[in-house]
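Inside the fold
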Amino acid sequence: MTREYLLMAAQALCNDFTSQKDVNTLLSYFSTSVEPEAYEHGKPALAPFLGHRFSGHEGIETYFGLLVKHILYKDMQFSEYLVDMEEMKVAVKGQAVFTWVSTGEHWEETFAYVLDYDKHVKLKRYQVWADSGAAYLARLGQLEEVRVHALEGS
């Protein structure tokens, strides 16, 4: 196993996110030798995909299904990959414009992934840190109102 190989695995996943590949393509990156997990950090009350551990391929499929149901995105890009060979992890910064489907409210966001790999270079844990506050306000249809008030107050 080389650093380049682990980096290429992470870049392939991120490229497929950027290209908005289907859920089955994304699931192919996850381990079958250990029970994989997806976890997006945040309070569960803010959005249905936050703060829950989605375990196994069915759980991860549920997680991605919730994202597809509630969130659209465009202009996604990734940078600043950090590879830890000892821990078999890759951290990466992402940016995109997200839209909450039911309200149409959108926001620009910088987020981070930490990708933990098994010995077969398949994901065993996928973690996301993102702007849960913007997602919550967009979900309620209040993000634009908060933006306007923030501009008026500055």
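Above this note sits the structure.
In what follows, the accompanying structure is described.

Criteria and thresholds
Residues numbered from 1 in each chain as written. Predicted model: local features only at pLDDT ≥ 70, side-chain atom pairs only at ≥ 80, totals over all residues. Heavy atoms only, no water. Helix = DSSP H or I, 4+ residues; strand = E, 2+ residues; numbered from the N terminus. Rg over C-alpha atoms; globule rule 2.2 N^0.38 Å. Buried < 20%, exposed > 50% of the residue type's maximum accessible area, 1.4 Å probe, protein only. Contact = heavy atoms within 4.5 Å. Areas by Shrake-Rupley, 256 points an atom, 1.4 Å probe, with all protein chains shown as cover. Pairing = 2+ DSSP bridges. Salt bridge = Lys/Arg side-chain N within 4 Å of Asp/Glu carboxyl O. Axes fitted to C-alpha atoms, helices over the stretch in contact; angles between N-to-C directions. Lys, Arg positive; Asp, Glu negative; His and termini not counted.

**Considerations on the overall build of the protein**
When helices and strands are counted, the protein shows five helices and six strands. In the protein, the succession of α and β elements from N to C terminus is α-α-β-β-α-β-β-β-β-α-α. Over its C-alpha atoms the protein spans a radius of gyration of 16 Å, differing by no more than 12% from the 15 Å that the globule rule assigns to 154 residues. Counting the 154 residues in the protein, one finds 41% classified as buried. Sequence-distant contacts, at least 24 apart, represent 52% of the contacts inside the protein between residues at least 6 apart. Counting every atom, the protein has about 8,500 Å² of accessible surface; 51% of that belongs to carbon and sulfur.

**Observations concerning the pairing of strand 6 (residues 123–129)**
Note that strand 1 (residues 37–40) and strand 6 share four bridges and pair parallel. Note on strand 6: the bridge partner recorded for Y39 is Q127. Between strand 5 (residues 106–117) and strand 6, which follow one another and run antiparallel, lie five residues, and V121 among them has a positive phi close to 60°.

**Comments concerning the environment of L26**
Among the structural elements, L26 can be located in helix 2 (residues 23–27). With 101 residues separating them in the primary sequence, L26 and Q127 have C-alpha atoms 14 Å apart. The contacts of L26, once residues within four sequence positions are left out, are L13, D16, F17, K21 and F64.

**Let's talk about the pattern of salt bridges**
Tallying each qualifying case throughout the model produces four salt bridges. Across the pair E37 and R53 runs a salt bridge, and its minimum N-O distance is 3.1 Å. Taken together, the residues span a long stretch of sequence, with E37 in strand 1 and R53 in strand 2 (residues 53–55) at a distance of 16 residues. Given the relative accessible area of 17%, E37 is considered buried. For R125, the salt bridge goes to D116, with nearest N and O atoms at 3.4 Å.

**Re the sheet that holds strand 1**
The strand order across the open sheet built from six strands is 2-1-6-5-4-3, with neighbouring strands paired in mixed fashion. Of all the strands in the sheet, just strand 2 and strand 3 (71–84) have a single pairing partner and so form its edges. This sheet shows a mean twist of 20° between the axes of neighbouring strands, independent of strand direction. Relative to strand 6, strand 5 runs antiparallel, the two being bridged by six bridges. Bridged to Y117 within strand 6 is L123. In the packing of helix 3 (residues 56–70) onto the sheet, the strands contacted are strand 1, strand 2, strand 3, strand 4 (89–100) and strand 6, and the crossing angle to strand 2 comes to about 125°.

**Let's talk about the side chain of D16**
Residue placement: D16 occurs in helix 1 (residues 3–18). The buried charged residue D16 lacks any salt bridge, with K21 as its nearest oppositely charged partner at 4.6 Å. For D16, the residues in contact, after removing those within four places along its chain, are K21, T25, L26 and Y29.

Read these as layout, nothing more, since geometry by itself doesn't imply function.
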